[in-house]
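Each chain, letter by letter, is given below.
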Amino acid sequence: MSHKLPKIDTLYERDFLAWCEDTAAKLKAKDIENLDWENLIEEIEALGRHERRELNSRLTVLLTHILKRMYVNSPENFHGWEVTIREQRRKIQELLTDSPSLKSYLEEILAKAYTNALDDVNFEYQETDFPSFLAFNTNTNSLLFETYWK
């Protein structure tokens, strides 16, 4: 029994980059009649989901390293954790600058990101007691700029 592969018959399926370039050219030319609307809508929705996932991931990493820096007595690791905190803060600031509407999403996912960060640090540092609740100021400005451990 032979298995035939389905025939790829659209530019989107054959060559994504070429499809992007073709779509951009059609948008610039206002050639709306010939746009691949179904895939264009799908890709735009995916872009929004990607931004939210990236913010969630960076926020979880930020909170994980803040918890480590605040509660784990390991001075030889402080600098590395602080470097990671700085980088995550910078990347979150960039995301919020590019997409200000993500600020409300950050507030929406903060508790879940903290739960995920807490799960990670509890697994990694089982001998350390971490607070089960957000034990520091978590408004966006504090998260992005405050030095909690001094």
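Quick caveat, the model's predicted, so the values are computed rather than measured. In this convention, every chain numbers its residues from 1, walking through the sequence in written order. With pLDDT at 70 or above as the cut-off, local features in this predicted model cover only qualifying residues; side-chain atom pairs require 80 or more to be listed or tallied, and sums for whole chains, interfaces and linings still use all residues. To obtain the side-chain values, all non-hydrogen atoms of the structure were included, while hydrogens and water were left out.

*Asks:* So what exactly am I meant to see when it comes to the overall build of the chain here?
*Replies:* Only runs of H or I of at least four residues qualify as helices and only runs of E of at least two qualify as strands under DSSP, and these elements are numbered from the N terminus. Broken down by element type, the chain carries six helices and zero strands. The order of α-helices and β-strands along the chain, N terminus first, is α-α-α-α-α-α. Within these notes, the globule rule equals 2.2 Å times the number of residues to the 0.38 power, and the radius of gyration is based on C-alpha atoms. Over its C-alpha trace the chain gives a radius of gyration of 22 Å, far above what one expects of a compact globule, namely 15 Å for 150 residues. Principal-axis analysis of the C-alpha atoms gives the chain an extent of 60 × 50 × 25 Å. Looking at the 150 residues of the chain, the share that counts as buried comes to 33%. The criterion used for residue contact is that any of the two residues' heavy atoms lie within 4.5 Å. Considering only contacts in the chain between residues 6 or more positions apart, those separated by 24 or more positions represent 65%. By element, 52% of the accessible surface of the chain is carried by carbon and sulfur atoms, the whole surface being about 10,200 Å². For the purpose of counting charges, residues Lys and Arg are taken to be positive, whereas Asp and Glu are taken to be negative. His and the chain ends are not included. Where a charge lies is defined by one atom per residue type, namely NZ (Lys), CZ (Arg), CG (Asp) and CD (Glu). A distance of 3 Å separates the average location of the 19 positive side-chain charges in the chain from that of its 27 negative side-chain charges. We call a residue buried when its accessible area falls under 20% of the maximum for its residue type, exposed when it is over 50%, and partly exposed in between, using a 1.4 Å probe and counting protein chains only. Accessible surface area values rest on a Shrake-Rupley calculation with a 1.4 Å probe, where residue burial reflects the displayed protein chains alone.

*Asks:* Looking at this structure, I do not really get unusual backbone geometry. What am I missing?
*Replies:* Glycine aside, negative phi is the norm for most residues, and most peptide bonds take the trans geometry. Positive phi is not limited to glycine here, since Lys30 has a value of about 55°. Along the chain, Lys30 turns up in the loop between helix 2 (16-28) and helix 3 (37-71). Its relative accessible area of 65% is what places Lys30 among the exposed residues.

*Asks:* What exactly am I supposed to notice about helix 5 (residues 102-124) here?
*Replies:* One turn of the α-helix equals 3.6 residues, which is why residues spaced by three or four share an orientation. Axes are fitted to the seven residues ending at a residue and to the seven starting at it; the angle between these axes is taken as the bend at that residue. At Ile109, helix 5 is bent by approximately 50°, the largest bend along its length. Buried within helix 5 are the following residues: Leu102, Tyr105, Leu106, Ile109, Leu110, Ala113, Tyr114, Ala117, Leu118 and Val121. Packed against the buried residues of helix 5 are helix 3, helix 4 (75-98) and helix 6 (140-145).

*Asks:* Could you clarify how one ought to interpret the environment of Leu67 in this entry?
*Replies:* Among the secondary structure elements, Leu67 is positioned in helix 3. Taking the C-alpha atoms as reference points, Leu67 and Ala135, separated by 68 residues in sequence, lie 9.7 Å from one another. Once residues lying within four places of it in the same chain are set aside, the contact partners of Leu67 are Val72, Tyr114, Ala117, Leu118, Val121, Phe130, Pro131 and Phe136.

Function cannot be inferred from these measures alone, as they are strictly geometric.
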